[in-house]
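# Structure assessment
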Amino acid sequence: MSRTRQVRPKAKNEIAKCPTGIFGLDEITEGGLPKGRPTLICGAAGCGKTILAMEFLARGVTEFDEPGVFMAFEETGPELIKNVASMGFDLPSMVARKKLVLDHVRVERSEIEETGEYDLEGLFIRLSSAIDAIGAKRVVLDTIESLFSGFSNTNILRAELRRLFAWLKQRGVSAVITAETGDGRITRNGIEEYVADCVILLDHRVEDQSSIRRLRVVKYRGTMHGTNEYPFLIGQTGLSVLPLSSLKLEHKALAERISTGVPRLDTMLGGKGFYRGTSILVSGVAGTGKSSLAAHFVQAACARGERALYMASEQSTNEVIRNMRSIGIDLESWIKRGLLRFYAARPGTFGLEKHLVTIHDLTMGFDPRVVVIDPITNFGSVGTYTEVKSMVTRLIDMFKSQEITAMFTSLTSGDSNPEQSEVGVSSQMDAWLLLRNLECNGERNRGLYVLKSRGMAHSNQIREFLLTDHGIQLRDVYLGPAGLLTGSARAAQEAKERAESIERRQQALRKAFELKQKRQQLEAEIAKMRADFALMEHRSLRDARELESQEKQILMDRGEMARIRKADLVQAHGNGRA
Amino acid sequence: MIKVRTKRQKIQSRRVRAPRKAWNLRLYIAGDTSRSLAALTNLQKICDEHLPGRYHVEVVDLLKNPQLAAGDQIVAVPTLVRRLPPPLKKIIGDLSNWQRVLVGLDLRPGKVSQ
């Protein structure tokens, strides 16, 4: 089980600190309790002082390799072991390995008769031998009030306490002393006078039928510390202090993007989906499909091999599984593979604190990368608006510090403007998807749009949101003369556009055909003209040859005739010569 | 461990009847301080007066044997523990207030002790 601990590096001239390992406490005290000095933890009965003290020691052994001594004045060794066994601390093995000493000191007034001067050297001796036996660096005295109820001579007691704390400081052990709060004073017997280095007050109240535990660092000499009252929980892993707002908002900003589970939605969100480690709000009126969207998100996470936690506050696990199967999502297979866990409980079963503890314990134990809380608005039935808002803030902080991407669904009422009712919670969310009902033409269809998404360019268009057998489908929405066209009107529009495009194509085909025909015609004409020309050419050639041959013939005939006529004339001409 | 053995006194006090059982007392101290010595002296005197010949006192110095403090749940010092006869009784202080010591040991003068 990994926990991120955000511990600030030690500033100069600050006193040395001893980390407790308790979730959130090291953060508030900026490093832990004062090293080598006593710390006073006070609170009424049942506040969790013993648990805090025991966790301080146990984690000291397991996480920081510092052996510890627990001097218990109220509970016996076996009782202590049993009480913290459920938190996973195996005290007997620590004792066996000589890392822990559990010493029960019984101080019973009825057994004791005081007859003169005495001191508490016996306690010192026992403490000393216990510390020396294992080389302890941490000591717990729980609870110092028992000394006051056992011994009646307060003068001696006070003197000895002063001596004790000086002795503890001198031994260099980091000590935790528990005490009970008194009316008007921090502790009933004024022990805070002696333990002046660090005082932490634990408070346990019941307000509006829900129990609230708070912790406050009243005093911490020599260092900066958070001075507010911080809520804390006692869960299965021990104490967890949840700062209301992380003191310095030092969450890392991750650059990785994860899919929403609906591909078209990923493209609407800058092409890649949500940033990892962010918080997402999905709001809408009843029946708009918020849970379905959440189921897609969870399925996408499981498909990537990441663990997911689904917190359902309205439906039982089986109901969710069955409903999601109808849109083609099989959540059961992920559960079987151990990648998906459900936590289904109506808010009214417990108070807000208990829910917070359970979610916290589940998150720490199961270590999911993705969490869905569906819906968050149900908690309004067990808390006031401010309480629910502060719970959501704490949840967001818890998830962000663990780099978990969280999706919260929220039911809005149909009458008011959906964007207005979420003002308190939505400002803390990094992304906000709104699901709306779009009414037109006597139909109701669902629309989705991305209202905000920090850190990325997102689409500003409404998409029609369909729940089909194969999951969520997003379709483009058309703008008609009367507004958005969705549902059947969209289908009609799509059909019309399809018909138009077919018509255009056909027209193009027709034109092409016409062109071809014309060409053919033209070619035919050209061919005919050529043929005519060829014929003409042939004829004229023939004529020319004929004429030529006629000419020749005439010449030959003339010559012949002249020969026959003894062509004297010609010879005469010739004789002239001869 | 320093064991202080007493001389068994043959003189029996008229007021106190001879007991059937012996008293077993343990005094826890922390080093040789004036308080420890005072406690020891006082104890000796009380025992000699009220439990002559019937007591057995062990003195445990916790500085030498710190582990013995846990057994009898010793927090204050000096502490006198009445181990026998039962029930267990603890008396803290230097035992200078004899009345309270006697009350604490359940050993009021004149009372029949077992």
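Remember, predicted model here, so these are calculated numbers, not experimental data. (Residues numbered from 1 in each chain as written. Chains lettered and ligands numbered in written order. Predicted model: local features only at pLDDT ≥ 70, side-chain atom pairs only at ≥ 80, totals over all residues.)

Bringing the overall build of chain B into the picture now. Helices and strands together make up the secondary structure of chain B, namely 3 helices and 5 strands. Tracing chain B from N to C terminus, the helices and strands come up as β-β-α-β-α-β-β-α. Looking at chain B as a whole, 32% of its 114 residues are labelled buried. Considering only residue pairs separated by 6 or more positions, chain B has 68% of its internal contacts joining residues 24 or more positions apart. (Helix = DSSP H or I, 4+ residues; strand = E, 2+ residues; numbered from the N terminus. Buried ≥ 20, exposed ≤ 12 C-beta atoms within 10 Å, placed from the backbone. Contact = placed C-beta atoms within 7 Å.)

What follows deals with the overall build of chain A. When helices and strands are tallied, chain A shows 16 helices and 25 strands. When burial is assessed residue by residue, chain A has 41% of its 578 residues classed as buried.

Let us now look at the interface of chain A and chain B. At the junction of the two partners, chain A supplies 22 residues and chain B supplies 29 residues. Going through the elements one at a time, β6 (112-114) and α5 (121-134) of chain A are the ones with two or more residues in the side of chain A that touches chain B. Top contributing element to the side of chain A that touches chain B by residue count: α5(A), with 7 residues. Its residues assigned to classes, the side of chain A that touches chain B shows 8 nonpolar, 5 polar and 9 charged. Note: β6(A) against strand β5 (residues 89-92) of chain B, 3 bridges, orientation parallel. Its bridge partner being in β5(B), A:I112 is matched across the sheet by B:K90. (Nonpolar A, V, L, I, M, F, W, Y, C, P; charged D, E, K, R; others polar. Pairing = 2+ DSSP bridges.)

Time to look at the nonpolar core. Residues and elements named next belong to chain A. Core analysis: the largest hydrophobic core is formed by 162 residues, its most contacted members being F70, V241 and V298. Sorting elements by how many residues they give to this core places helix α9 (residues 290-303) first, with 8 residues. Setting aside anything within four residues of it in sequence, one finds V241 in contact with I22, F23, G24, L25, I28, L215, Y230 and F232. (Core = buried A, V, L, I, M, F, W, Y, C linked by C-beta atoms within 7 Å.)

Take the confidence of the model for chain A next. Residue and element names in this part refer to chain A. Chain-level pLDDT for chain A is 84 on average; 91% of the residues reach the 70-or-more range. No element of chain A has a lower mean pLDDT than helix α16 (residues 568-575), at 56, and none a higher one than strand β4 (residues 68-72), at 93. This stretch, residues 1-7, has a pLDDT under 50; its non-local contacts, to residues over four places away or in other chains, come to 15 contacts. (pLDDT = per-residue confidence, 0-100.)

Time to look at helix α3 (residues 98-105) of chain B. Residue and element names in this part refer to chain B. Within the sequence span of α3, burial applies to V101, G104 and L105. Looking down the long axis of α3, one finds its buried residues gathered within 90° of arc, a one-sided arrangement. With its phi angle positive at about 60°, D106 sits one or two positions after the end of α3. (Arc of directions from axis to C-beta.)

Glancing now at unusual backbone geometry. Between A:D142 and A:T143 the backbone carries a cis peptide bond, its omega angle lying at 0°. Structurally, A:T143 can be placed in the loop between β7 (138-142) and α6 (145-150). Omega for the peptide link from B:L84 to B:P85 comes to -5°, which places this bond in the cis form. A positive phi is found at A:E30, a non-glycine position, where the angle reads about 55°. Classification of A:E30 by C-beta neighbours within 10 Å gives buried; the count is 20. In this model, B:Q73 sits at a positive phi of 55°, which is unusual for a non-glycine residue. Of the residues examined, B:Q73 has 18 C-beta atoms within 10 Å and is grouped as partly exposed.

Our next topic: the packing of helix α12 (residues 352-366) of chain A against helix α13 (residues 385-401) of chain A. Residue and element names in this part refer to chain A. As a packed pair, α12 and α13 sit with axes 11 Å apart at the nearest point and diverge in direction by 10°. Comparing their axes, α13 and α12 come out roughly parallel. The residues of α13 that touch α12, namely those facing L352, L356, I359, H360 and T363, are E387, M391, R394, L395 and M398. Of the residues belonging to the contact of α12 with α13, the class tally is 6 nonpolar, 2 polar and 2 charged. (Axes fitted to C-alpha atoms, helices over the stretch in contact; angles between N-to-C directions. Parallel < 35°, antiparallel > 145°, perpendicular 65-115°, else oblique.)

Before going further, it helps to examine the environment of A:M311. All names here are of chain A. Examined against the element boundaries, M311 turns out to sit in strand β16 (residues 308-312). By the C-beta count within 10 Å, which is 24 here, M311 ends up buried. The sequence separation of M311 and F408 amounts to 97 residues, and the corresponding C-alpha distance is 9.6 Å. Residues in contact with M311, not counting those within four places in the same chain, are Y343, I359, V372, I373 and D374.

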